[in-house]
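# Coordinate analysis (summary)
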Amino acid sequence: MGLFRTFVFLLVLYLLQGSNTSLVQLNNNGYEDIIIAIDPDVPEDEKIIEQIKDMVTTASSYLFEATEKRLFFKNVSILIPENWKENIQYRRPKHESYTHADVLVAPPTVPGRDEPYTRHFMECGNKGEFIHFTPDFVLGKKQNEYGPAGRVFVHEWAHLRWGVFDEYNEDEPFYKAKSKKIEATRCSTGISGMNRVYKCQGDSCISRSCRIDSQTNLYEKDCQFFPDKVQNEKASILFMQSIDSVVEFCSAKNHNREAPSIQNKKCDSRSIWEVISNSEDFNNTVPMVAPPPQPAFSLLKISQRIVCLVLDKSGSMASDNRLNRMNQAAKYFLLRIVNGSWVGMVHFDSSAYDKSQLIQIISSNERNKLSETLPTTASGGTSICSGIKSAFQMIKHSFHQTDGSDILLLTDGEDNTVSSCMEDVKQSGAIIHLIALGPSADQAVIEMTIITGGLHQLSSDQAENNGLIDAFGALASGNTDISQQDLQLESTGLTLTNDHWMNGTVIIDSTVGKDTFFLVTWGQQRPDISLWDPSGTLMGGFTVDTNSKMAYLSIAGIAKVGIWTYSLKKAQVSSETLTITVTSRASNSSVPPITMKAKMNKDTNSYPSPMIAYAEVQQGYFPVLGANVTAFIESQSGKMESLELLDNGAGADSFKNDGVYSRYFIAYRENGRYSLKVQAQGGTNAVTRSLRNPLNKALYIPGWVVNGEIEGNPPKPEVNEDTQTALESFSRTASGAAFVVSNVPTNSFPDVFPPSQITDLDAKTDEDQITLTWTAPGDDFDVGKVQQYIIRTSRSILDLRDNFDDALQVNTTDLLPNEANSKETFTFKPGNISEENATHIFIAIQSVDKSNLTSKVSNIAQVALFIPQADSSPDENPQNPSPGENHHNTGVNISTLVLSVVGSVVVVSIILSTTICILKKKKNVSRPSTGF
């Protein structure tokens, strides 16, 4: 139960997040408005609050020095769970919410796995989603394994804020270095330690030298790098911030480009500091002269939800059936909002009208009462500020303040007076959510959603796309527990003319089924509605609202698992638009439901820059693999584009098999707003990759080398990360926030889109041949087929990266490109290597399309031209390094070396003494005797 609730909390927070949810601002070198949220399942413990304060305070000083006196933490809000006791220090949040949490303090997703990590699945340099710390970590119980909490916070902040990656790689912990030895993947190479196999059983532990695997010519699977406890090296925080001497990020001068670290793979072999130095944070600040102040903290306690619907009833709402569609969606919202919420309603045209004061939702009576106050006629102008100000007054009348309340604003028109209430919105502490209806909805209101942390949704006038229902549905659940969250299983529509039927199926899997809700809407006359459960039983009992032109059915108890079939027959009208929406909730508190979250990589974009659509499919908090995921992107005028999203680790997708499905979007049709809806279906090929380690995390330290001996840390729980559990069939639908595109050409569209960058190039050697594999890009990013590949090699990774056109080109005459997202393979002989001391060949690819546009140079693959040497055993003396070189020792540390040398001297001395003694005795025996 506790594990599920942990899944629940993290999942709710993550599902609510949009493309840019953090409220953090950088002001005069200091980060403001950081939100650290405590999971409701964390037992009440005021020590956690104090430890959070200590962590941030020490982290601020560490960050300040690591960024060359540029950046620090200025103020932080700590969100206290609603189920903790009241305290006079706790205040009601304003814009702060779990939705915008930068750091989550929650129990581990797997018992015993307390690794701190950052959820980040976008490109290098893009911000992450959130940081996850466990209570035991915050309380300092995991310091030996991960280091002091303040240092770890800076490690994770680098992931979150600057989009950098770890300088180690658990999948490739060792590599063949140019020194012709096997090295641990790390940065910098000045960090010393030993590579050992270390096993413990009970209180008894043994260690031995690592053996070389004959297949990989690298160390065996159980080999680990144990760092020396005492070091002098200062870098790098993104490798092992737990080392006392480490106070810097790796920079160009000490970056280890040889290592197969995630940072090298994802950031074109650039160092952490190079990426940070190109960030907005760095470019907008200068070093400070004086030390920074200590962080300030606010303690905020979550409380009940307060919502006011602010609905446009101006004259333009009479067109395109907008008024009735708004009422359908608003009633759906009222039917699905959770009990305990407070809801009020304001209408506006050129003036505002209070239609219902705030009432608490307890039963269907309150829902019906509010539904009766929905507008019935449309007339007048548009005064958005009048509606918002009236909502503020209504909330103040009941609660004396507007802090943390939700204003759900729907409008279809422009209002040139919006700026007149912008300051009121800023000072209110309320959150403004915008649903923009049609192509003319006011753009200025978007700023209100940005400054208050609200959602921005779009619905076109194409009713069959069901945009209004989706928009209101996305706002219905708020920050409620996942067991009360509506999960959308279906959202579709159809305009019928010659056809008379709209038929389809909905899959209800075993993880959902509670409070299952079917909603059918129409535009003119009620259709005949037929619904059959998986056993073929015809379901009756639909509630019909003829005024709103909708019918709905709530399934009592737990809905049957399987395929539900619906059939909607058009009435005797020439044309009819029908929609169906199906939602459900978690069926069992002990089984996490399958969920999906959708987002774009940016809220605003300028043509021809591409955008990326993301969908994350999970069960509990583990990735669901093998699903069929499709994104539907609709412009404000109703033009629809579909994209198949992929989890293949190529093109727009950063990591393969992480449950995040991605694809480039470049099919721009007009300037203005666009909406995002994603549908996922899983059948017999869908699996969940159980217990997969999160990426972008603080490195677990297996132990330390102290005086030549390993002092081991408690082992991590042994988990088979390759386990995949087959899932039953399921379906999910989710909506993302709206985004805005500008500078789209109005006439012809020239070919301005090059092939996407190849990011998964890999190289293997077989005697004198090199075989390359990669995923094919397309003519336009990841669509179509490229014209040709240019493959080049070099003995220098920097020369290849920075001077690709000057590198040696490989003959690719026989290489014919395949369609995008196909697997490519190419084998070639590298030829003679001119220099005797060459140790590696570095390889990269560039793609060319039919318009001669070229892609970015791929990630750089490498092959070693030697069989590496194993480390010296502790009984052996390593070779002395050459003077002046920056050497390190991965096989034996300094203490061991000294002891070995001293021991050898003692042994040699004993041997010499014994030899001399024997020789003296022999000499005495052979000497002639003398008598007296």
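Provided above is the structure to which this section pertains.
What comes next concerns the included structure. What you see is a predicted model; the values in this text were computed from it and never measured. (Residues numbered from 1 in each chain as written. Predicted model: local features only at pLDDT ≥ 70, side-chain atom pairs only at ≥ 80, totals over all residues. Heavy atoms only, no water.)

Across its full length, the protein chain carries 17 helices and 48 strands. In the protein chain, which comprises 932 residues, the share counted as buried stands at 57%. Long-range contacts, defined here as pairs at least 24 residues apart, represent 76% of the contacts in the protein chain between residues at least 6 apart. When the accessible surface of the protein chain is totalled, it reaches about 39400 Å², and 48% of it is carbon and sulfur. (Helix = DSSP H or I, 4+ residues; strand = E, 2+ residues; numbered from the N terminus. Buried < 20%, exposed > 50% of the residue type's maximum accessible area, 1.4 Å probe, protein only. Contact = heavy atoms within 4.5 Å. Areas by Shrake-Rupley, 256 points an atom, 1.4 Å probe, with all protein chains shown as cover.)

What follows deals with the nonpolar core. One finds Ile38, Phe153, Trp162 and Phe249 to be the most contacted residues of the largest nonpolar core, which totals 72 residues. Broken down by element, the residue count for this core peaks at nine residues, all from helix H2 (residues 46-66). Excluding anything up to four places from it in sequence, Trp162 contacts Tyr31, Leu63, Thr67, Leu71, Gly125, Asn126, Trp157, Phe249, Val275, Ile276, Ser279 and Asp281. (Core = buried A, V, L, I, M, F, W, Y, C linked by side-chain atoms within 4.5 Å.)

Glancing now at the state of the cysteines. Within the structure shown, the criterion is met by five disulfides. Bridging Cys124 to Cys267, the disulfide has an S-S length of 2.1 Å. What sets the handedness of the Cys124 and Cys267 disulfide is the S-S torsion sign, and at about 105 degrees it is right-handed. Here Cys124 is found in the loop between strand E7 (117-119) and strand E8 (130-133), whereas its partner Cys267 is found in the loop between helix H7 (262-266) and helix H8 (272-277), with 143 residues between them in sequence. Linked covalently through their sulfurs, Cys200 and Cys205 form a disulfide whose S-S length is 1.9 Å. Its S-S torsion of about 110 degrees marks the bond between Cys200 and Cys205 as right-handed, since a negative value means left-handed. (Disulfide = S-S within 2.5 Å.)

A few words now on the pairing of strand E27 (residues 562-569). Relative to E27, strand E22 (residues 501-508) is paired through eight bridges, and the arrangement is antiparallel. Bridging across to E27, Asn503 finds its partner in Ser567. Here strand E24 (residues 528-532) pairs with E27 via five bridges, running antiparallel. By the bridge assignment for E27, Trp532 is matched with Thr565. (Pairing = 2+ DSSP bridges.)

Attention now moves to the sheet that holds strand E45 (residues 808-809). Strand-to-strand pairing in sheets goes through backbone hydrogen bonds, with the strands running parallel or antiparallel. An order of E45-E44-E47-E48 is seen for the four strands of this open sheet, with the pairing classed as antiparallel. In this open sheet, the two edge strands, each paired with only one partner strand, are E45 and strand E48 (861-864). Alignment of strand E44 (residues 788-794) against E45, held across two bridges, turns out to be antiparallel. Note on E45: the bridge partner recorded for Arg792 is Gln809.

Judged by pairing direction, the sheet is antiparallel, and its three strands sit side by side in the order E42-E43-E46 without closing on themselves. Taken across any chain shown, the strands that pair with only one partner, and hence form the sheet edges, are strand E42 (762-766) and strand E46 (823-828). Mean inter-strand twist for the sheet, computed between neighbouring axes without regard to direction, equals 20 degrees. (Axes fitted to C-alpha atoms, helices over the stretch in contact; angles between N-to-C directions.)

What follows deals with the packing of helix H10 (residues 322-336) against helix H15 (residues 467-476). Relative to each other, H10 and H15 sit at 25 degrees, their axes nearing to 9 Å. Considering the angle they form, H10 stands roughly parallel to H15. As for how H10 packs across H15, the hand of that crossing is right-handed. Contact residues: H10 offers Arg325, Met326, Gln328, Ala329, Ala330, Tyr332, Phe333 and Arg336, while H15 offers Leu468, Ile469, Phe472, Gly473, Leu475 and Ala476. Its residues assigned to classes, the contact of H10 with H15 shows ten nonpolar, two polar and two charged. (Parallel < 35°, antiparallel > 145°, perpendicular 65-115°, else oblique. Left-handed = near helix turned anticlockwise from the far one by under 90°. Nonpolar A, V, L, I, M, F, W, Y, C, P; charged D, E, K, R; others polar.)

Another aspect to go through is the environment of Phe518. Within the fold, Phe518 resides in strand E23 (residues 512-522). Taking C-alpha positions, Phe518 is 9.9 Å from Leu489, a pair spaced 29 residues apart along the chain. Not counting the four nearest positions on each side in its chain, Phe518 is found in contact with Leu531, Phe542, Ala551, Tyr552, Leu553, Ile555, Trp564, Thr581 and Val582.

With that settled, the discussion passes to helix H5 (residues 149-162). Along its 14 residues, H5 runs 19 Å from first to last C-alpha, staying within 8% of the 20 Å computed at 1.5 Å per residue. Of all 14 residues making up H5, 14 are buried, and the element is well covered by its neighbours. In the stretch just after H5, Gly163 is the one whose phi turns positive, near 65 degrees. (Expected span 1.5 Å × (residues − 1).)

This paragraph deals with helix H14 (residues 445-452). Structurally, the α-helix is built with 3.6 residues per turn, so residues lying three or four positions apart point the same way. When we look at burial in H14, the residues that qualify are Val445, Ile446, Met448, Thr449 and Thr452. Each buried residue of H14 lies within a common arc of 155 degrees when the element is viewed along its axis, so the set occupies one face. Looking one or two residues beyond H14, the residue adopting positive phi is Gly453, at roughly 80 degrees. (Arc of directions from axis to C-beta.)

In total, this model carries 31 aromatic pairs according to the counting rule given. Taken together, a centroid distance of 5.7 Å and an interplanar angle of 35 degrees make the contact between Phe518 and Trp564 tilted. In this pair, Phe518 is assigned in strand E23 and Trp564 in strand E27, connecting sequence segments 46 residues apart. Trp564 carries the same exposure label as Phe518, and that label is buried. (Phe/Tyr/Trp six-rings, centres within 6.5 Å; stacked < 30°, edge-to-face > 60°.)

Assignment of secondary structure puts Arg196 in strand E11 (residues 193-201). At 3.2 Å, the side chain of Arg196 forms a polar contact with the side chain of Ser209. (Polar contact = N/O pair within 3.5 Å; in protein donor to acceptor, adjacent residues only side chain to side chain.)

Relative orientation of the contacting elements H10 and helix H11 (residues 364-371) amounts to 165 degrees, with a least axis distance of 9 Å. Taken as axis vectors, H10 and H11 run roughly antiparallel relative to one another. The interaxial crossing formed by H10 with H11 has right-handed handedness. Contact with H10, carried on its side by Lys331, Leu334, Leu335 and Arg336, involves Arg367, Leu370 and Ser371 of H11 and no other residues of that element. Split by residue class, the contact of H10 with H11 holds three nonpolar, one polar and three charged.

The next subject is unusual backbone geometry. Of note, the amide linkage connecting Cys187 to Ser188 takes the cis form, showing an omega dihedral of 0 degrees. Among the secondary structure elements, Ser188 is positioned in the loop between strand E10 (182-184) and E11. In this chain, Ala235 is followed by Ser236 through a cis amide linkage whose omega measures 20 degrees. Mapped onto the fold, Ser236 is located in the loop between strand E13 (224-227) and helix H6 (237-240).

Applying the stated criterion across every chain, the model contains 36 salt bridges. Arg119 serves as the salt-bridge partner of Glu616, at 2.2 Å between the closest nitrogen and oxygen. Taken as a pair, Glu616 in strand E31 (residues 611-619) and Arg119 in strand E7 lie far apart in primary sequence, 497 residues in all. Each member of the pair, Glu616 as well as Arg119, carries the same accessibility label: buried. Between Glu172 and Lys265 there is a salt bridge; the shortest N-O distance is 3.1 Å. With a gap of 93 residues between them, Glu172 in the loop between H5 and strand E9 (174-176) and Lys265 in helix H7 connect regions that are remote in the sequence. One salt-bridge network, in which partners are shared between bridges, spans Asp320, Arg322, Arg325, Asp412 and Asp461. (Salt bridge = Lys/Arg side-chain N within 4 Å of Asp/Glu carboxyl O.)

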